[in-house]
Amino acid sequence: MLTSKTFIKKTKTGKILKIVREHYLRDDITCGAESCDQCDGPSPLEAEVDSQSEMWPHVHFICPDTNVILHQIDVIEDPRIRNVIILQTVLQEVRHRSLPIYRRLRDVMCNPDKHFYSFCNEFNKHTYVEREPGESSNDRNDRAIREAAKWYNQHLQTTAQGKFQTLLLTNDADNRKKALEDGLQSFTIHQYVRSLKDGKDLVDRLSLAGSKVFSGDKVQYPEHLPLSVIQKGLKAGKFRQGKFMASRENYTEANISVSEEEKMVFIQGSQNLNRAVHDDIVAVEMLKEEDWSCPSSMILVHTEDKDDADEEENEENMKKPKKVPKELRQPTGRVVGIIKRNWRQYCGMLQPSLLKDGIRHLVVTADKRIPKIRIETRQAADLTGQRIVVAIDSWPRTSRYPQGHFVRKLGNVGDKETENEVLLLEHDIPHAGFSEAVLNCLPKLPWEITKEDMERRVDFRDINICSVDPPGCTDIDDALHCRDLPNGNLEVGVHIADVSHFIRPGTAIDKEAERRGTTVYLTDKRIDMVPELLSSNLCSLRSNVERFAFSVVWEMTNDADIVNTKYAKSVIKSKAALTYAEAQMRIDDPKMSDPITKSLRNLNKLAKILKQKRIDKGALSLASSEVRFHIDSETHDPIDVETKQIRETNSMVEEFMLLANVATAQKTLKEFPDCSCLRRHPCPPPSNFDPLIKAAQSKGFKIDVSSGKALADSLERAVLPNDPYFNVMLRIMTTRCMTQAVYFCSGMLPAPEYLHYGLAAEIYTHFTSPIRRYSDIIVHRLLAVCIGADASYPELTDKYKTQAVCNNLNFRHKMAQYAGRASVNLHTHIFFKNRHVDNEGYVLFVRKNAIQILIPKYGLEATLYLDSKAVTFEYNEEEQTQTCGDVVFRVFGRVIVQLTIDQSNVQHLKLQTRLVDPKIEGFSVPPASESSEEPPLKKMRT
């Protein structure tokens, strides 16, 4: 059966087009019921299953409408919800309205234990409905859902002897009323879940979207403008659209990242934040310039031991009018509406309730940028001291906090496995096992290189190639060689694992690697981007085995001047897999003169020259507080910690990787000027450096930030003879002034914006780590086409597709960094469980109510709150000092602190940081607050 749709469309040029679309209807689409004796095809809907519903004790199927899926996906995913019919109408609506929920729904539908069935009602001639004149699209879809449910009942009445009934689940009162009038059995999702015999805990997972159960009578926030008004305001230039980025250090402040604008819009005060949540897309109205403000010196974070009264008092103090000097003002605005909510599931823990046996509770989230969330739960006793997952449903004007629901329990607070799960969830790290479809893409073992493979590749198996990596590394991406040439020059080769040989475009393994974007390195484990068979075996350039590689080979003079560059797919056989320490010992031992050692010495000599050339161009040498844990082989707990040692061999490897990345970027851009995958590091705005400049001035040094070269030279001169750590501190602060380096497609930006500021490179990409970065796989494919080693494909030369991939890679790369820091933070806490350690620290920042101390040995940053009632501290904003009697805290000041876990509350993993020197009588420091991220520095003012 064929039906057609005709409509008129007006083009941009003013032409009128008549569009006719044909729609085919069939009568042979199977119903999916196992007991149906008429339909042929898949039948996942069970024939014999006991009803768990006390409200409807008969055998039945469930048919949810779109809003039930969108709002109650946490319930739908539960194993107790089975035998569900997902209509095509519902599936299409969910995909259109929420891609993340659509993906979750598809995963559920692929689980055979859930017995879900997708019914193509839009192509079934018995269930398809035409949209009537004047009928809205939503009303038409509701009618289509009712019609499909009605057909199921009629169909099963004759084909399954009436054994089954279809229940329509909808929370739409009008839709339910019409369903009942049509003779359908229809219930709300809340009614159905509450009727389940073993579903009492499932009630807590019900979303309360649209419910006012937590709302008070007092209006707390301004009303959001409707989207129609926002769109007009955006067109007229009255509003700006941007991404809401909440502060980690003060929950009453945020910034809005407005596209194509260098400066962010600053937001201050809960009224101006107006219920926006981190990552939401919002509409902002700018305040008058005289009302512009700047970030406060106060540190305010949500904690489980602060009640509403404390937080309201903090917010009232923030509301007090301040006169901000013109030179400190930042563009400031207020949120007037929400364009798109980007809520996700959040990890947290219950705040102790003041009401005994109450069901309403606040959840303090692990992410300090997310506000507390109100939930209803009848399991408070079991959830106390547990990490839980919750979701936000709504945020009414009359509620101080957003409303949400309980999703699931993770485990005990302080348990390492639980905390690892939390940090992976909080940083949105894909960490589930690889699917069967992905594993099916792997080569079969035993695998070996064939004669045909050798004919298409350059044979480097006889060259003395070796790899240099951290100890314990199994995913070896790169290897090096250096040998003398007859003309007196040197041949230098960088050999990179040829992962693109095994991961072909468009395959399941390719799509999964693209989604994951990067390997995530935690302290005690790693989350691979590709399956272990590739990452630790077939692609890893291990010693004394033949492996595929992608090689960049230079002819160089002894002064590291490049004579020519060649690229080739190759086969190598590494002669040694060395650690940085082992390679350094070979270089330093005059008794060793074997070919590998000679190669390393030549590489090290050339690397020093290359590094000096980069520094002369203005490349920055920055610093960060990195630590390395020694892990117990049985308990996997940290037993010792040390600052990472940087050797010459670290720099040696880095220099040749940088050189290969630059060479590859130049080659691919020349051949693909519009679709190359590159990496840039934007020049930071001068205002980013203000805190650094002020801190250096306190010690008598001037920091010139007019260019990267000027900044590098200034940092080199800023040395205190009696304080060797001062220069390191300055470089750590400089790191935090930097903007984020990002991937981008060459065709989306003008050439002057390709610059990598930190490396002082006009063009740069990532080529040298394809085992752990998907960006490098794209670059390998481009380079392979450049040298004729592989064929191109449409998506490779589509600049819009490349940019979309780059956007995901930027997000995944950032989240992987933050997860790694959070893992270090977690293991630092575990390390101090049974220890009391006095250690040297340095004041990094001075705030109005706190000082932030860096403890280099542990890479730890602790916030010490100066809110003691027994001792008065005087804060000097201009000099950035806190004074108490003869004791003065200032930036770079040295202190001795004692670190331990608060034994009275060890399950909360609260790190106690107590001042030992200088000691202030009558002052005891409250628990420290640590950050797993390194946010950019800002101007600070009370």
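Bear in mind the structure is a predicted one, so any value in this text is a computation, not a measurement. (Residues numbered from 1 in each chain as written. Predicted model: local features only at pLDDT ≥ 70, side-chain atom pairs only at ≥ 80, totals over all residues. Heavy atoms only, no water.)

What follows concerns the overall build of the protein chain. The secondary structure content of the protein chain amounts to 24 helices and 38 strands. Within the protein chain, the proportion of its 942 residues that are buried is 54%. By sequence separation, contacts in the protein chain at least 24 residues apart represent 69% of the contacts at least 6 residues apart. Accessible area of the protein chain: about 43500 Å², with a carbon and sulfur share of 48%. (Helix = DSSP H or I, 4+ residues; strand = E, 2+ residues; numbered from the N terminus. Buried < 20%, exposed > 50% of the residue type's maximum accessible area, 1.4 Å probe, protein only. Contact = heavy atoms within 4.5 Å. Areas by Shrake-Rupley, 256 points an atom, 1.4 Å probe, with all protein chains shown as cover.)

What follows is about the pairing of strand 10 (residues 265-268). Where burial is concerned, the two faces of strand 10 agree: the one with Val265 and Ile267 and the one with Phe266 and Gln268 are both buried. In the sheet, strand 9 (residues 253-258) pairs with strand 10 via four bridges, with the strands oriented antiparallel. Across the sheet, residue Ile256 finds its bridge partner in strand 10, namely Val265. (Pairing = 2+ DSSP bridges.)

The next thing to look at is the sheet that holds strand 36 (residues 887-890). Read from one edge of the open sheet, three strands run 34-35-36, paired in antiparallel fashion. In this open sheet, the two strands that pair with only one neighbour each are strand 34 (874-876) and strand 36. On average, each strand axis in the sheet is inclined to that of its neighbour by 20 degrees, with strand direction left out of account. In the sheet, strand 35 (residues 881-884) pairs with strand 36 via four bridges, with the strands oriented antiparallel. Counterpart to Cys884 in the pairing with strand 36 is Val887. (Axes fitted to C-alpha atoms, helices over the stretch in contact; angles between N-to-C directions.)

Next up on the list: the pairing of strand 9. Counted residue by residue, strand 9 has five buried out of six residues, so it is predominantly covered. In this sheet, strand 9 lies alongside strand 8 (residues 239-246) in antiparallel orientation, the contact comprising five bridges. Paired with Phe244 across the bridge in strand 9 is Ile256. Hairpin connection from strand 8 to strand 9: six residues lie between these consecutive antiparallel strands.

Two numbers describe how helix 15 (residues 508-516) lies on helix 24 (residues 799-831): the axes approach to 8 Å, and their chain directions differ by 55 degrees. Our classification of the angle between helix 15 and helix 24 gives oblique. Of the residues in helix 24, those in contact with Glu514, Arg515 and Arg516 of helix 15 are Lys801, Val805, Asn808 and Arg812. In terms of residue class, the contact of helix 15 with helix 24 is made up of one nonpolar, one polar and five charged. (Parallel < 35°, antiparallel > 145°, perpendicular 65-115°, else oblique. Nonpolar A, V, L, I, M, F, W, Y, C, P; charged D, E, K, R; others polar.)

Along the polypeptide, Thr579 turns up in strand 26 (residues 576-579). In this structure Thr579 touches Val468, Asp469 and Pro471, once residues within four positions along its chain are discounted.

Hydrogen bonds between backbone atoms are what pair the strands of a sheet, whose relative direction is either parallel or antiparallel. Within the open sheet, the five strands sit side by side as 10-9-8-11-12. Their pairing is antiparallel. Of all strands in the sheet, those bounded by a partner on one side alone are strand 10 and strand 12 (333-340). Here the average twist between neighbouring strands, direction ignored, is 40 degrees.

Turning our attention to the nonpolar core. One broad trend across soluble globular proteins is that nonpolar side chains are buried collectively. Ranked by size, the top nonpolar core spans 77 residues in total, and within it Leu534, Trp554, Leu600 and Phe656 carry the most contacts. In contact with Leu534, not counting residues within four places along its chain, are Leu442, Pro443, Phe502, Ile503, Ile509, Cys539 and Ser540. Counting residues in each nonpolar core, the second largest holds 52 residues, with Val75, Leu105, Ala148 and Leu196 among its members. (Core = buried A, V, L, I, M, F, W, Y, C linked by side-chain atoms within 4.5 Å.)

Our next topic: the pattern of salt bridges. Per the stated rule, a full pass over the model turns up 51 salt bridges. Asp561 is the salt-bridge partner of Lys613, the closest N and O atoms lying 2.8 Å from each other. You can see Lys613 sitting in helix 18 (residues 595-617) and its partner Asp561 sitting in the loop between strand 24 (546-556) and strand 25 (562-573), a full 52 residues away along the chain. The class of Lys613 is partly exposed, set by a relative accessible area of 32%. Residue Asp561 is classed as partly exposed on the basis of its relative accessible area of 39%. The partner of Glu648 in a salt bridge is Lys608, and the shortest N-O contact between them spans 3.2 Å. Of the two residues, Glu648 is situated in helix 19 (residues 648-671) and Lys608 in helix 18; the sequence distance between them amounts to 40 residues. One connected set of salt bridges, linked through shared partners, spans Arg248, Arg344, Asp367, Arg369 and Glu426. (Salt bridge = Lys/Arg side-chain N within 4 Å of Asp/Glu carboxyl O.)

You can see Asp475 is positioned in the loop between strand 19 (466-469) and strand 20 (478-484). A distance of 2.3 Å separates the side chain of Asp475 from the side chain of Tyr521, its partner in a polar contact. Each residue touching Asp475, except ones within four places of it in the same chain, is listed here: Tyr521, Arg526, Ser535, Ser540 and Ile771. (Polar contact = N/O pair within 3.5 Å; in protein donor to acceptor, adjacent residues only side chain to side chain.)

Time to look at the environment of Leu208. Its location among the elements puts Leu208 in the loop between helix 7 (189-194) and helix 8 (227-236). A sequence separation of 137 residues divides Leu208 from His71, and the C-alpha atoms of the two residues are 8.4 Å apart.

Scanning all chains against the criterion turns up 13 aromatic pairs. Seen from their ring centres, Phe119 and Tyr152 are 5.1 Å apart, and the 75 degrees between their planes marks the pair as edge-to-face. Placement of the pair is Phe119 in strand 5 (residues 116-119) and Tyr152 in helix 5 (residues 137-159), with a sequence separation of 33 residues. The exposure class of Phe119 is buried, given its relative accessible area of 0%. On the basis of relative accessible area, Tyr152 is assigned to the buried category, the value being 1%. Three or more aromatic residues joined by ring pairs make a cluster, and in this case those are Phe119, Trp151 and Tyr152. One cation-aromatic arrangement involves Arg457 over Phe548; the distance from NZ or CZ to the ring centre is 4.0 Å. Across from the ring centre of Tyr743, 4.5 Å away, lies the NZ or CZ of Arg679, which sits over that ring. (Phe/Tyr/Trp six-rings, centres within 6.5 Å; stacked < 30°, edge-to-face > 60°. Lys NZ or Arg CZ within 6 Å of the ring centre and 35° of its normal.)

Turning to the packing of helix 3 (residues 88-97) against helix 4 (residues 99-109), a few remarks are in order. Viewed as axis vectors pointing N to C, helix 3 and helix 4 meet at an angle of 140 degrees, and their least axial separation amounts to 6 Å. On the basis of the axis angle, helix 3 is oblique to helix 4. With respect to the hand of their crossing, helix 3 and helix 4 are arranged in left-handed fashion. Facing helix 3, whose interface residues are Leu91, Val94, Arg95 and Arg97, helix 4 presents Leu99, Ile101, Tyr102, Leu105, Arg106 and Met109. Its residues assigned to classes, the contact of helix 3 with helix 4 shows seven nonpolar, no polar and three charged. (Left-handed = near helix turned anticlockwise from the far one by under 90°.)

Mapped onto the elements, Asp415 comes out in the loop between strand 17 (403-412) and helix 12 (416-426). Here Asp415 falls in the partly exposed class, since its relative accessible area comes to 35%. Polar contacts involving the side chain of Asp415 include one to the main-chain amide nitrogen of Thr418, which spans 3.0 Å.

Along the polypeptide, Ser296 turns up in the loop between strand 11 (281-286) and helix 10 (308-319). Sequence separation of Ser296 and Asn250 is 46 residues, and the distance between their C-alpha atoms is 8.1 Å. A polar atom in the side chain of Ser296 sits 2.9 Å from the backbone nitrogen of Met298.

Considering every residue of the protein chain, the mean pLDDT works out to 86; 88% of them sit at 70 or more. Low pLDDT, under 50, characterises residues 903-909; the predicted model gives this stretch 15 contacts beyond four residues in sequence or across chains. Counted against residues more than four places away or in other chains, residues 926-942, with its pLDDT under 50, gives 81 contacts. (pLDDT = per-residue confidence, 0-100.)

As a further point, take unusual backbone geometry. Of the consecutive residues Leu445 and Pro446, the connecting peptide bond is found in the cis state with omega at -5 degrees. Its place among the elements puts Pro446 in the loop between helix 13 (436-439) and helix 14 (451-455). Unusually for a residue other than glycine, Asn83 sits at a positive phi of about 55 degrees. Along the chain, Asn83 turns up in the loop between helix 2 (73-76) and strand 4 (84-87). Take Asn83: its relative accessible area is 3%, and that puts it in the buried class. Residues other than glycine seldom take positive phi values, yet Asp279 does so here, at roughly 85 degrees. Mapping Asp279 onto the fold places it in the loop between helix 9 (270-273) and strand 11.

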